[in-house]
Protein chains: 2
Amino acid sequence: MIGDIIATGEEIITGALVDSNSAWLAERLFNMGVRIRRINAVGDDIDALSRLFEDVSHQADVALVTGGLGPTVDDLSAAAVAKTAGTGLKLDEGALKSVLAFFEKRNRPMPETNRKQAVLPIGAEPLDNPIGTAPGFKIVVGQCTFYFMPGVPPEMKRMFREQVRPRILQGMGSGARVSRQRVLCLFGLPESATDQKIRSFPELFPDIRLGLRAKFPEIQVKLYAAGADPSALDERLDAASRWVAQLLGDVVFSCRGESMETVIGQLLRSRSATLALAESCTGGLIASRITDVAGSSDYFLFSAVTYGNAAKVGVLGVSDETIARHGAVSEETAAEMAAGARRVAGATYGLSVSGIAGPSGGSAEKPVGTVCIGLATPEGVSTCRAILQFQSRAMNKQMFAMKALDVLRRELSGLGRF
Amino acid sequence: MIGDIIATGEEIITGALVDSNSAWLAERLFNMGVRIRRINAVGDDIDALSRLFEDVSHQADVALVTGGLGPTVDDLSAAAVAKTAGTGLKLDEGALKSVLAFFEKRNRPMPETNRKQAVLPIGAEPLDNPIGTAPGFKIVVGQCTFYFMPGVPPEMKRMFREQVRPRILQGMGSGARVSRQRVLCLFGLPESATDQKIRSFPELFPDIRLGLRAKFPEIQVKLYAAGADPSALDERLDAASRWVAQLLGDVVFSCRGESMETVIGQLLRSRSATLALAESCTGGLIASRITDVAGSSDYFLFSAVTYGNAAKVGVLGVSDETIARHGAVSEETAAEMAAGARRVAGATYGLSVSGIAGPSGGSAEKPVGTVCIGLATPEGVSTCRAILQFQSRAMNKQMFAMKALDVLRRELSGLGRF
C-alpha cells in the first residue's frame, strides 16, 4: 500500500509553523507497513489544494490530510476535495449531530458559523471528533482513499488512532502485520556516542529497525519490529531492549518511553518519599514538569522559585554572607537552597538549582551555562557544578532542569549521584 | 516568482525526523516575496526523487532542495536531478577543491568516499560550503532554477544566506516584491467568534490576506501583504491592524506577535513594578513562562509553588481555618495566597492560582477545570473564579496560567480586571 501525507495551511507554507503532524503520521503509517511516497504541504488556496488532491489521487492508495476543517473562510479542505472529485457539498446530519454534541456537552449554544464544519463532500463518511468541533471525513477519489483530519495535534492523533488506523488496517486485509515498538530514553550521552556504542545492533537484530532521535535534552532509541505474531515480536523486542540498555548503562532512565518526571514520580512513590525544590535559573520549570504528572501531589510538596536573592534569604534561609562571598550561582548557595527547601516543606528530599541561563549575566569565571545543583537528603547535602551551554536561554533552562532531575534520579536509584 | 521547497531523506519520510528546514526556508522565501506553491518531502529513492524534480520543474520558477549531498550511497540528489535533466555527471574541479580545502583546514586527509561529493550534474554551478564537506549546486531544469543544499541545518542556513538568497534576488530583478506581515495575539475569544467579528475584513482590505490560527490557549490573527513599496505596505498593514484590534477590543494583548509574558514584562518594567507569584495547580508554569523572557530578573522576584497545604500555610501565611472552611481551591485561599506572595517577596503585585487541573480531584461543587485567581496590588486584593475545562491536565494547566497572566495584564493596562 502506498501512502501520501498532506498538511494544509497558510501558516505551514509560509514557515510560520513547523509541520510536526506529518512526521507523527509518517511514523505510524510506516509502522503499519504503508510505503510513504511523499509528504506534501500546501496553503489555504482552493485551486492549489484541489490540484494537489488530484495529483495524489493518481499516485497513492491512501492519503492522510490534516487541517482546513475549521469554521472559518480559510478552511477549505471539504470544498477543495469536492472540486477534485467533481461532486457537490451538503450538510451531513451525522456530522452536524457531532458538532452539536460538542457544544451541548459544554452547555454552550453552537455558533451559526460552526454549522459549516458539518458541510461535507457528497459521498464522504464523517469521522467523529470527540474532543473538538471539527468532524473529519473519509472520501474515495479515483483509486485513493482520503482521510481528512483536524490540524490541532491532540484532535488529529485521537482521530487517527480511533477512526483512521482501523479503517486503513481493514483495507489492508487479513495479510495485515502487527507492529510493535520500544522506546529507551537516555540523558547524558551525545547522539553520536550513543550510535557508536550500539553500532553492532543491526548484525545481532537484523529483524528490528533501530532509530535514534534527539528529543532535546534527551536521546531516544527506538526499536521497531513487524510481523504476524505479536507475542514473538514482544519477546524479540524485549531482548533487543535489554541488549541496548546494558550497553548504554545508567544513562538510560526509561526502557518504556516514560518521561524523566514520570520515572522520578515512581521512584519517590515507591519509597514513600516527598520532594521540595528551590529553583533560581530554571524559574519553575522543574516544578512544572514534576506537576505535569497526574497524582504528583502525593509526593511533591513545594518549590520556591527564588529568582531574587531576597527570596533566597527570606524564604529558604540562605545566609547573606554565603551569597556575598560565593555568589548566588555557587555550590555553597545551592547547598543552602536545597537544605532550606527540604526544611521549609518538611520533605524527604530537597533539590536546588542556581545558574546562568543567559543570554547575559555570564562572566569569565562563571560563563553563561554555568549551573550549580544541590541535593539535600536525610543523610546530608551534596552539590555539583557544570557548564551546559546551548543555543538559547530556553534550551539552557531545559538542560539545567533535566540535569537536576537526573541527579535526583541517580540518588533515588542508588546510582552514583553526580 | 513561484517557489517550491523539497526536503529529501528516508528519515523524514518515515517520520524519524521532523523537517524543520523547510519551514525555515519557507519563511525566508515568503519574506523575499516568493509565492510558495508547495513544500514536498521524498525518500532516498532515485526514481521518486527524479519524478518529484520533474513535477516541480514544470510548476515553479525556483526550487530549494535540502539533503542528499553526503558521501554515502543513499545520497542521491545529484544523480537524480541529472536524470531529470537528461544529462550526465562529472567531477567538478571547483567543487573538489572546496571539499579538499575543508579537510586541509582541519589537517585531515580527505577520505576517498568524499570525492563523490564533488561529482555534480553537467551544467551545474557549485555553491561553496565553508563549514561542511558537501558543496551545494545550482542547476536550471526546464523553467525552474534548482538550488541544492546540505540537510545539516547550520550548513544549509549559511549556504542559503551567502550563496542562494543573493542569486534568487538577482533573478527577481528590479520587479522584486517585498512582503510584510503583522500578528495580533488575543486571549479569551474563541476562534469562531473571532472570525465572526472580523468577517468584513476581506471587503475592506482586499489587498491583505487574513489568517486565523489557534495557538492554544491563544488565538493569532495574521495579516499578510506583498507589493513593490515597503512603506506603503507597512502603512496599509498598520491600518488593517488597527481595524482588527479595534473590533476585537481588549482581548488583544499584542499587535506585534509578542507572547503574553513579554507583554507583561514590558508593562511591569514601564511601571517599575515587581511581581511575586503563588502557584498551586499551575505547578510553576507561570513562573517558568515569566522567566522565559531574558531580563525578567528585573521585575520577577519569587514564586511559591505551594502544592501541599502545609506550604500554603507555612510559606505564604494562608490560615489553616480558611483552608478548612473554604478549601484549598477557593477565592478565599487564593486571596490569602496572593497577599502572602506579595508580602513575603516585598513585590508590587502578588498573583495567585489555585485550581483542579485533573484528571482526578474534582467534585460536583468544584469540577475539574475549576480555577481561583487572586491578585494583590498596593490597593488591595481581588479574586475571581472560573471553570476552564479542556482535554488534558497539561492543557488545563496552560489555560489556568494564561488566564492568571491575563488578569494581571488587564490590571496593569488599566482595563477591567476580571
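Please read all numbers here as calculations on a predicted model, not as lab measurements.

Peer 1: Give me the lowdown on the sheet that holds strand S8 (residues 144-149) of chain B, citing residues and values where you can.
Peer 2: In sheet architecture, strand pairing relies on hydrogen bonds along the backbone and comes in two forms, parallel and antiparallel. Strand order in this open sheet of twelve strands is S6(A)-S7(A)-S8(A)-S3(A)-S1(A)-S2(A)-S2(B)-S1(B)-S3(B)-S8(B)-S7(B)-S6(B), and the pairing throughout is mixed. Each end of this open sheet is capped by a strand with a single partner; those strands are strand S6 (125-127) of chain A together with strand S6 (125-127) of chain B. Put simply, the sheet's adjacent strands are angled 20° from each other on average, direction ignored. Examined bridge by bridge, strand S3 (residues 62-66) of chain B and S8(B) share five bridges and lie parallel to one another. For B:Val62, the partnering residue across the bridge sits in S8(B) and is B:Thr145. Its contacts with the sheet place helix H3 (residues 46-59) of chain A against strand S1 (2-8), strand S2 (35-42), strand S3 (62-66), strand S7 (136-141) and strand S8 (144-149) of chain A together with strand S2 (35-42) of chain B, and it is angled at close to 175° to S2(A). Lying over the sheet, helix H3 (residues 46-59) of chain B contacts S2 of chain A together with strand S1 (2-8), S2, S3, strand S7 (136-141) and S8 of chain B, oriented at roughly 175° with respect to S2(B).

Peer 1: Break down the sheet that holds strand S10 (residues 209-215) of chain A for me, citing the residues and quoting the values.
Peer 2: Residue and element names in this part refer to chain A. Taking strand neighbours across the sheet as the criterion, the four strands line up as S10-S11-S9-S12 in an open arrangement whose pairing is antiparallel. Single-partner strands in this sheet number two, and they are S10 and strand S12 (252-254). With direction set aside, neighbouring strand axes in the sheet form an average angle of 30°.

Peer 1: Outline the interface of chain B and chain A, listing residues and values.
Peer 2: Much of the literature gives interface size as the accessible area that the parts lose upon coming together. At the junction of the two partners, chain B supplies 63 residues and chain A supplies 62 residues. Summed over both partners, the interface of chain B with chain A comes to about 4900 Å²; 56% of that surface belongs to carbon and sulfur atoms. The interface formed by chain B and chain A holds five salt bridges in total. A:Arg38 is the salt-bridge partner of B:Asp55, the closest N and O atoms lying 3.0 Å from each other. Seen at the junction of chain B and chain A, the total is 30 residue pairs in polar contact (both at pLDDT 80 or more). Classifying every residue of the side of chain B that touches chain A gives 30 nonpolar, 18 polar and 15 charged. One ladder, built from five bridges, connects S2(A) with S2(B); its direction is antiparallel. In the sheet register, A:Arg38 faces S2(B), and the bridge partner there is B:Val42.

Peer 1: Before we move on, can you summarise empty space enclosed by the protein with the specific residues and values?
Peer 2: Scanning the model with the defined rule gives five cavities of 30 Å³ or more in all. Reported here for the largest cavity is a volume of approximately 170 Å³. Every residue lining the largest cavity is counted, 18 residues in all, and those nearest its centre are A:Asp19, A:Ser22, A:Ile39, B:Asp19 and B:Ile39. Of the residues contributing to the lining of the largest cavity, the split by class is twelve nonpolar, four polar and two charged.

Peer 1: Provide a residue-level description of the nonpolar core, including the pertinent values.
Peer 2: Judged by nonpolar contacts, the single largest core of 82 residues is most densely connected at A:Leu275, A:Phe300, B:Leu275 and B:Phe300. Each residue touching B:Leu275, except ones within four places of it in the same chain, is listed here: B:Leu268, B:Ile290, B:Tyr299, B:Phe300, B:Leu301, B:Phe302, B:Ala347, B:Tyr349, B:Leu351 and B:Leu408.

Peer 1: Describe a negative patch on the surface, listing the residues and the values that go with them.
Peer 2: Residue and element names in this part refer to chain B. Taken together, the side chains of Glu 10, Glu 11, Asp 45 and Asp 74 make up a negatively charged region of the molecular surface. Tracing the backbone shows Glu 10 in helix H1 (residues 10-13). Glu 10 sits in the partly exposed class, given a relative accessible area of 39%.

Peer 1: Can you lay out unusual backbone geometry for me, pointing to particular residues and giving the numbers?
Peer 2: Residues and elements named next belong to chain A. Of the consecutive residues Gly 358 and Pro 359, the connecting peptide bond is found in the cis state with omega at 0°. Positive phi values are uncommon outside glycine, yet Ser 272 reaches one of about 50°. As for its position among the elements, Ser 272 is in the loop between helix H10 (260-270) and strand S13 (275-279). A residue is classified by how much of its surface remains accessible, and Ser 272, at 67% relative accessible area, is exposed.

Conventions used here
Residues numbered from 1 in each chain as written. Chains lettered and ligands numbered in written order. Predicted model: local features only at pLDDT ≥ 70, side-chain atom pairs only at ≥ 80, totals over all residues. Heavy atoms only, no water. Pairing = 2+ DSSP bridges. Helix = DSSP H or I, 4+ residues; strand = E, 2+ residues; numbered from the N terminus. Axes fitted to C-alpha atoms, helices over the stretch in contact; angles between N-to-C directions. Contact = heavy atoms within 4.5 Å. Buried area = accessible area lost by both parts, 1.4 Å probe. Salt bridge = Lys/Arg side-chain N within 4 Å of Asp/Glu carboxyl O. Polar contact = N/O pair within 3.5 Å; in protein donor to acceptor, adjacent residues only side chain to side chain. Nonpolar A, V, L, I, M, F, W, Y, C, P; charged D, E, K, R; others polar. 1 Å grid on protein atoms, 1.4 Å probe; cavity = no way out; pocket = protein on both sides within 12 Å on 5 of 7 lines; lining within 4 Å. Points joined across faces, edges and corners; volume = space filled by probe spheres on them. Core = buried A, V, L, I, M, F, W, Y, C linked by side-chain atoms within 4.5 Å. Buried < 20%, exposed > 50% of the residue type's maximum accessible area, 1.4 Å probe, protein only. Patch = residues over 30% accessible without salt bridge, like charges linked within 9 Å, V, L, I, M, F, W, Y side chains within 5 Å. Areas by Shrake-Rupley, 256 points an atom, 1.4 Å probe, with all protein chains shown as cover. Lys, Arg positive; Asp, Glu negative; His and termini not counted. Charge placed at Lys NZ, Arg CZ, Asp CG, Glu CD.

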